[in-house]
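Coordinate analysis (summary)
Each chain, written out:
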Amino acid sequence: MIWQLINFFVLLFLLKKFLYSPVKNMLEQRAAQINGDLDAAEAEKEKVEELKAEYEQKLRNARNEAQKIVDNAETRANKKAKDIISEAETKAENIKEKKLAEIEQAKKEAVSELRDSIADYTILATNKLIQEQLDKEKHQVMINQFIDGLDKEKLGELQ
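Residues numbered from 1 in each chain as written. Predicted model: local features only at pLDDT ≥ 70, side-chain atom pairs only at ≥ 80, totals over all residues. Heavy atoms only, no water.

1. Focus on the overall build of the chain
On a plain count of helices and strands, the chain comes out with 3 helices and 0 strands. When the helices and strands of the chain are placed in sequence order, the string is α-α-α. Relative to its full complement of 159 residues, the chain shows a buried share of 3%. Element-wise, carbon and sulfur atoms account for 58% of the exposed surface of the chain, whose accessible area totals about 14600 Å². (Helix = DSSP H or I, 4+ residues; strand = E, 2+ residues; numbered from the N terminus. Buried < 20%, exposed > 50% of the residue type's maximum accessible area, 1.4 Å probe, protein only. Areas by Shrake-Rupley, 256 points an atom, 1.4 Å probe, with all protein chains shown as cover.)

2. Details of a negative patch on the surface
The grouping of D39, E42, E46, E49 and E50 at the surface amounts to a negative patch. Following the sequence through the fold, D39 ends up in helix α1 (residues 2-131). (Patch = residues over 30% accessible without salt bridge, like charges linked within 9 Å, V, L, I, M, F, W, Y side chains within 5 Å. Salt bridge = Lys/Arg side-chain N within 4 Å of Asp/Glu carboxyl O. Lys, Arg positive; Asp, Glu negative; His and termini not counted. Charge placed at Lys NZ, Arg CZ, Asp CG, Glu CD.)

3. As for the packing of aromatic side chains
Following the criterion strictly, the structure yields 1 aromatic pair and no others. Each ring, one from F8 and one from F9, has its centre 5.8 Å from the other, and the planes form 65°; the classification is edge-to-face. A relative accessible area of 53% places F9 in the exposed class. (Phe/Tyr/Trp six-rings, centres within 6.5 Å; stacked < 30°, edge-to-face > 60°.)

4. Describing the pattern of salt bridges
Following the criterion strictly, the structure yields 4 salt bridges and no others. Here K91 and E87 are joined by a salt bridge, their closest N and O atoms 3.4 Å apart. With K91 and E87 both in helix α1 and 4 residues apart, this pair spans about one turn of that helix. On the accessibility criterion, E87 (46% relative accessible area) is partly exposed.

5. Re a nonpolar patch on the surface
On the surface, a cluster of nonpolar side chains totalling about 790 Å² of accessible area is made up of I2, W3, I6, V10, F13, L14 and F18. Mapped onto the secondary structure, I6 falls in helix α1. A relative accessible area of 39% places I6 in the partly exposed class.

6. Section: the confidence of the model for the chain
Parts of the model with low pLDDT should not have their predicted coordinates read in detail. Overall, the predicted model of the chain reaches an average pLDDT of 86, with 89% of residues at or above 70. Within the chain, α1 carries the highest mean pLDDT (90), whereas helix α3 (residues 152-158) carries the lowest (54). (pLDDT = per-residue confidence, 0-100.)

Shown next, in the form of structure tokens:
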């Protein structure tokens, strides 16, 4: 029995030295590796979250920049449209003034022609009067004929 006890303790010692210690060391190493992997995964997760936040910030900045570009283009387009409208209105006003000046000139020319015509008729009437010695009745008839011969529209413009 002593030999069995000695064998038992020797076996225990040998199991502890060659089996239990290496298995324990292997389990501790495995636990350390798992803890290291968990820590690394946690660090990677934090890194990914930081990158995600950074990319989201960059995306917001890009959207803001794009909106600024669109707003700027819209402002420039509105300004250009206003400039074009203003220029068209100015040109239209110039054309209107030019046409009014042309109408006024044509009116002056018509009045001048009418005056020339009246002067010619007056000279003709005077010549007839001089050629004929008229009495008062013939004189009145000749004036009425002269007035009837004038263009009533032209006389209307002179008034």
